[in-house]
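Given next are the chains, with one letter for each unit.
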Amino acid sequence: MSGPKVSVYDLSPAARKNLNAQIRCEQQSLLCYDKANELLSIISSDLAGILPAIDTLEILCKRTGEGSELVEAFREIHGNLTKKLSALHAELCECKPVTSTKYTLTEQDLNAKREALNKLRKLLKEIEQQHGILNEAAQQIIKSKDSAVDSANESIANDISGVVSFALPALDEMDCDFEDERTELHKKLTELQKHSDCPQEYAERIENALSSMTQIERSEQFNTFVSISIMPLLTTCSEAISAQMQARQEFETALAEYNSLCQMCDVKPESYRFGVETLDVLNTAISSLEKMLVKQREQEYISTCVDEVMTEMGYDLIGDRSVTKRNGKKFRNELYSFNEGTAVNITYSSSGEIAMELGGIAREDRVPTPEETTILTDRMEAFCSEFAEIEQRLRSKGVCLGKRIAISPPTAEYAAIININDYNTQSDVTVAEIQASSKKKKEHKPKVLRKGEN
């Protein structure tokens, strides 16, 4: 192939800003969609979970003869939430985001992505509101059920007392208060100890406190122990759990962002676990993926623009191929027809370099004949003026020259033959081979046929 022109192209500041904004919209849309989908699953599970509580409340209300209207109200709330959940799920399915394979860097396209993101955010907010309604209803149901249980127990006790009288010894009022307080503190400490975000050191301290508390028999000693040991432990342990919960939330938020970036970059995500890897480790991985994503999308956009320009200028794609060198470096080639028997080979490297070379088409690996070399030299010279127009059209799409690595002159030393058999050719395209015998050298530049021209 001859007269190679190797360049690295960048996006103009305006084009890069637009592209980055579109990428960010797509990523945020994926995050928003996944969070909404997860929350809908939680609501669905919680809805199913409160039904037994409503049924139990109904049984208790029948026993006491009170609260039937409350049961009906809870069933109505459950039914309304079920219908709303179904509608929100259908709406979310319609808003499922799709990452772009090709970008058009216009304000109109950016605004469309922003509108899609805002729609998802609005939908997520509505789902969160429904979740809040469900949580409030669940708390009311539990509270009503507990109240109904007390009423039922009292009713049963009254029924029994009407038949049999039990004479129970009176307990000292101070002893009752002492035991009640110990029971209440034991409950609070146990709840903290069993909390999933309770640090191990606090779980051990609580265990020791519970053991010491059970051995205290005097109320004065108990009050002193509570003041000096229990209350500070409750405070510091609650603070530690809150800090751990916040750290976990930050980690899970970062993990969701990491997974969305992996999806957009089409890479397999690594397994990150809270408490094993730190947030800094995860943020480092996120930063690396963000750079990879921007680079991928920029190269994809530049490649698309090159394809569009070649098509606009009348070149037809006749073949392509992907090549991986022994050193792992990857290349992608696209072959465009130039004139009878010649083609422009465009090579895209994984490092961002783009090379454009003109060659003669044949179905074997060989060097060009002297006659073919003459034809190829003339075609190279014609392509030089075409190349300038290619770059001009790229600039109009926001693609500008970043670095020129090589631009070789149209001389015979670069004349070469392209073996079309090395490419995946288009089934609907007829590929003409170079034929020097039927061509004569012309002093003027050969005309490049464009689409629509005779």
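Residues numbered from 1 in each chain as written. Predicted model: local features only at pLDDT ≥ 70, side-chain atom pairs only at ≥ 80, totals over all residues. Heavy atoms only, no water.

Caption draft 1: Layout of the overall build of the protein. Helix and strand content of the protein: eight helices and eight strands. Once local pairs closer than 6 in sequence are excluded, the contacts in the protein between residues at least 24 apart make up 76%. When the accessible area of the protein is evaluated, it comes to approximately 26,500 Å², of which 49% is carbon and sulfur surface. (Helix = DSSP H or I, 4+ residues; strand = E, 2+ residues; numbered from the N terminus. Contact = heavy atoms within 4.5 Å. Areas by Shrake-Rupley, 256 points an atom, 1.4 Å probe, with all protein chains shown as cover.)

Caption draft 2: Region of interest: the pairing of strand β3 (residues 330–339). Both strand β2 (residues 317–324) and β3 contribute to a ladder of seven bridges, which runs antiparallel. Counterpart to Gly 319 in the pairing with β3 is Leu 335. Hairpin geometry of β2 and β3 is characterised by an intervening segment of five residues between the two adjacent antiparallel strands and by a positive phi of about 90° at Gly 328. In the sheet, β3 pairs with strand β4 (residues 342–349) via eight bridges, with the strands oriented antiparallel. Considered in β4, the bridge of Tyr 336 is made with Val 344. Between β3 and β4, which pair antiparallel one after the other, the connecting turn spans two residues, and Gly 341 there sits at a positive phi close to 85°. (Pairing = 2+ DSSP bridges.)

Caption draft 3: A look at the nonpolar core. Grouped together as the largest cluster of nonpolar side chains are 50 residues, with contacts concentrated most on Val 306, Ile 346 and Phe 383. Only β1 (2–11), α1 (13–64), α6 (219–265), α7 (279–312), β3, β4, β5 (353–362) and α8 (370–396) provide two or more residues apiece to this core. The element best represented in this core is α7, accounting for eleven residues. Contact partners of Val 306, with chain neighbours within four places excluded, come to Ile 346, Tyr 348, Ile 354, Met 356 and Leu 394. Of all hydrophobic cores here, the second largest spans 26 residues; its members include Ile 50, Leu 57, Phe 74 and Cys 95. (Core = buried A, V, L, I, M, F, W, Y, C linked by side-chain atoms within 4.5 Å. Buried < 20%, exposed > 50% of the residue type's maximum accessible area, 1.4 Å probe, protein only.)

Caption draft 4: Layout of helix α5 (residues 200–214). Its 15 residues give α5 an end-to-end C-alpha distance of 22 Å, which sits within 8% of 21 Å, the value for a rise of 1.5 Å per residue. Restricting attention to buried positions, one finds in α5 the residues Tyr 202, Ala 203, Ile 206, Ala 209, Leu 210 and Met 213. Seen end-on, α5 carries its buried residues on one side only, within an arc spanning 125°. For α5, the exposed residues set more than 90 degrees away from the buried face come down to Gln 200, Glu 201 and Asn 208. (Expected span 1.5 Å × (residues − 1). Arc of directions from axis to C-beta.)

Caption draft 5: Highlighting the packing of α5 against α6. Where α5 meets α6, the closest approach of the two axes is 11 Å, and the angle between their N-to-C directions is 160°. On the basis of their axis angle, the class for α5 and α6 is roughly antiparallel. Of the two possible hands of crossing, α5 and α6 adopt the one that is left-handed. Contacts from Tyr 202, Arg 205, Ile 206, Ala 209, Ser 212 and Met 213 of α5 reach α6 at Phe 222, Phe 225, Ile 230, Leu 233, Thr 236, Cys 237 and Ala 240. Partitioned by chemical class, the residues of the contact of α5 with α6 number ten nonpolar, two polar and one charged. (Axes fitted to C-alpha atoms, helices over the stretch in contact; angles between N-to-C directions. Parallel < 35°, antiparallel > 145°, perpendicular 65-115°, else oblique. Left-handed = near helix turned anticlockwise from the far one by under 90°. Nonpolar A, V, L, I, M, F, W, Y, C, P; charged D, E, K, R; others polar.)

Caption draft 6: Highlighting the environment of Ile 390. By the secondary structure assignment, Ile 390 is in helix α8. Separated by 78 residues in sequence, Ile 390 and Glu 312 place their C-alpha atoms 9.7 Å apart. Ignoring any residue separated from it by four or fewer positions in sequence, one finds Ile 390 in contact with Val 309, Met 310, Met 313, Met 356 and Phe 383.

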